[in-house]
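Residue-level structure breakdown
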Amino acid sequence: MPSVLGLDTSNYTTSAAVFDGCGGKNIGRLLEVRPGELGLRQNEALFQHVKRLPGLLEQLAGEGLLQSVQAVGASTRPRALEGSYMPCFLAGESQGRGLAAAMGIPFYPHSHQQGHLAAAAWSAGRMELLDAPFLAWHLSGGTTELLLVRPEGSAVAAEIIGGTSDLSAGQLIDRTGVLLGLQFPAGRALDELYAQADVCYEPRVKLKDLSFSLSGMENQVKGLAEEGEKPANIARFTLDAVSNVVWRATQEAQRRYPGLPVLCSGGVASNSQLRSGLTSICGAIFARPEFSTDNAMGAAVLAWRALEAEQKR
């Protein structure tokens, strides 16, 4: 069966995926971050991607999944905006372009954010969302953006209408985790600690229009740690702070853009507290957990859609 190959080399994960229009397979490996550190420099991330991508491609080839590839897609920048750039995406783009040229097949570039949205829609069984306007949250280690998304050819165009003005939700979660001695990235570990909390602080982040700041929450987290508060209670404080302001911003966005569905993508969107609240508030649509985090399936889905559109012309 014909298929396409997708590549994504974010600042957290090296990923490769194959998609045949209905289903597919994504394989990925988290980048190695030294204990106590909050991520990687771009040159370190790029180096790890360059070393790892051939092994992922060899794994897909060993399973017979690259025999019918008719196009290659890759994430080439963080967002589909002028000037959006991160060196780590050069690994996937360069290898993707090289593979496409060697095989004589098309190469389709998309942004990392577009890939997240496509992977979320596909994994939720809601591909039709990509063909009409919708609201979306991109909640990740580097991004907390509320988006108004519209179809644009075979892809989507995302307009930022809200989100954080400083620290991303993922940064607050990861910094809290590292402060508590947890391994980076710390989202899953904080989620597990949440259930052990015995104090509820009810933090409330100020929401202005659809935007908010989380830097004050980081200072309060540090204060709680200095006072000797239990790690589980600090974890709950952090996750409650993020969840509460995202819930309120979503409700306000739906008042301004009535009738639009809400799609959630990015690693932070896999948090159980956040998901439960958004599902109750607005019936939000979520990527399956394995496609909430960074992955190449979105790049593959978008490459498939681009190839289909080209073949129809």
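What comes next concerns the included structure. Note that the structure is predicted; figures quoted are calculated from it, not measured. (Residues numbered from 1 in each chain as written. Predicted model: local features only at pLDDT ≥ 70, side-chain atom pairs only at ≥ 80, totals over all residues. Heavy atoms only, no water.)

Description of the overall build of the protein
Along its length, the protein carries nine helices and 12 strands. Seen through its principal axes, the protein has C-alpha atoms that stretch 60 × 45 × 35 Å. Relative to its 313 residues, the protein shows a buried fraction of 53%. Of the roughly 13500 Å² of accessible surface on the protein, a fraction of 50% belongs to carbon and sulfur atoms. Across the protein, 27 positive and 31 negative side-chain charges occur, with their mean positions spaced 2 Å apart. (Helix = DSSP H or I, 4+ residues; strand = E, 2+ residues; numbered from the N terminus. Buried < 20%, exposed > 50% of the residue type's maximum accessible area, 1.4 Å probe, protein only. Areas by Shrake-Rupley, 256 points an atom, 1.4 Å probe, with all protein chains shown as cover. Lys, Arg positive; Asp, Glu negative; His and termini not counted. Charge placed at Lys NZ, Arg CZ, Asp CG, Glu CD.)

Things to note about the layout of surface pockets
Taken as a whole, the largest pocket holds about 810 Å³ of empty space. Secondary-structure elements contributing two or more residues to the lining of the largest pocket are strand 2 (13–19), strand 3 (24–30), helix 4 (169–179) and helix 5 (187–194). Among the elements that make up the lining of the largest pocket, the one with the highest residue count is strand 3 (four residues). Broken down by class, the residue content of the lining of the largest pocket amounts to nine nonpolar, 13 polar and seven charged. What the second largest pocket holds in volume is close to 260 Å³. (1 Å grid on protein atoms, 1.4 Å probe; cavity = no way out; pocket = protein on both sides within 12 Å on 5 of 7 lines; lining within 4 Å. Points joined across faces, edges and corners; volume = space filled by probe spheres on them. Nonpolar A, V, L, I, M, F, W, Y, C, P; charged D, E, K, R; others polar.)

Section: the nonpolar core
Counting 44 residues, the largest nonpolar core has Trp137, Leu214, Val246, Cys264 and Leu278 as its most contacted members. Mapped onto this core, the elements with two or more residues apiece are strand 6 (134–139), strand 7 (144–152), helix 4, helix 5, helix 6 (215–226), helix 7 (231–256), strand 11 (262–265) and helix 8 (272–282). Looking at which element gives the most residues to this core, the answer is helix 7, with 12 residues. The contacts of Leu214, once residues within four sequence positions are left out, are Thr164, Asp166, Leu167, Ser168, Ala169, Leu172 and Val205. Membership of the second largest hydrophobic core comes to 31 residues, among which are Ala121, Val149, Ala303 and Ala306. (Core = buried A, V, L, I, M, F, W, Y, C linked by side-chain atoms within 4.5 Å. Contact = heavy atoms within 4.5 Å.)

A look at helix 7
With 26 residues, helix 7 should cover 38 Å at 1.5 Å per step; its first-to-last C-alpha distance of 38 Å lies within 8% of that length. Of all 26 residues in helix 7, 20 are buried; the element is thus mostly enclosed. (Expected span 1.5 Å × (residues − 1).)

Overview of the side chain of Thr144
If you trace the backbone, Thr144 turns up in strand 7. Assessed through its relative accessible area of 3%, Thr144 is described here as buried. At a separation of 2.7 Å, a polar atom in the side chain of Thr144 contacts the main-chain amide nitrogen of Ala169. (Polar contact = N/O pair within 3.5 Å; in protein donor to acceptor, adjacent residues only side chain to side chain.)

Considerations on the sheet that holds strand 1 (residues 3–9)
Strand order in this open sheet of five strands is 3-2-1-4-5, and the pairing throughout is mixed. With partners counted over all chains shown, the strands left at the sheet margins are strand 3 and strand 5 (107–111), one partner each. Ignoring strand direction, the axes of neighbouring strands in this sheet form an average angle of 15°. Examined bridge by bridge, strand 2 and strand 3 share seven bridges and lie antiparallel to one another. Across the sheet, the residue bridging to Ala16 is Ile27, located in strand 3. Running over the sheet, helix 2 (residues 89–103) touches strand 1, strand 4 (69–77) and strand 5 and is turned about 155° from strand 4. Those strands touched by helix 9 (residues 297–312) are strand 1, strand 2, strand 3, strand 4 and strand 5, and its axis lies near 140° from that of strand 1. (Pairing = 2+ DSSP bridges. Axes fitted to C-alpha atoms, helices over the stretch in contact; angles between N-to-C directions.)

Quick notes on helix 5
What helix 5 keeps buried is the set Leu190, Asp191, Leu193 and Tyr194. Down the axis of helix 5, the buried set is contained in an arc of 160°. They therefore lie on one face. Those residues of helix 5 that are exposed and aimed more than 90 degrees away from the buried face are Arg188 and Glu192. Its buried side turned inward, helix 5 meets helix 4, helix 7 and helix 8. (Arc of directions from axis to C-beta.)

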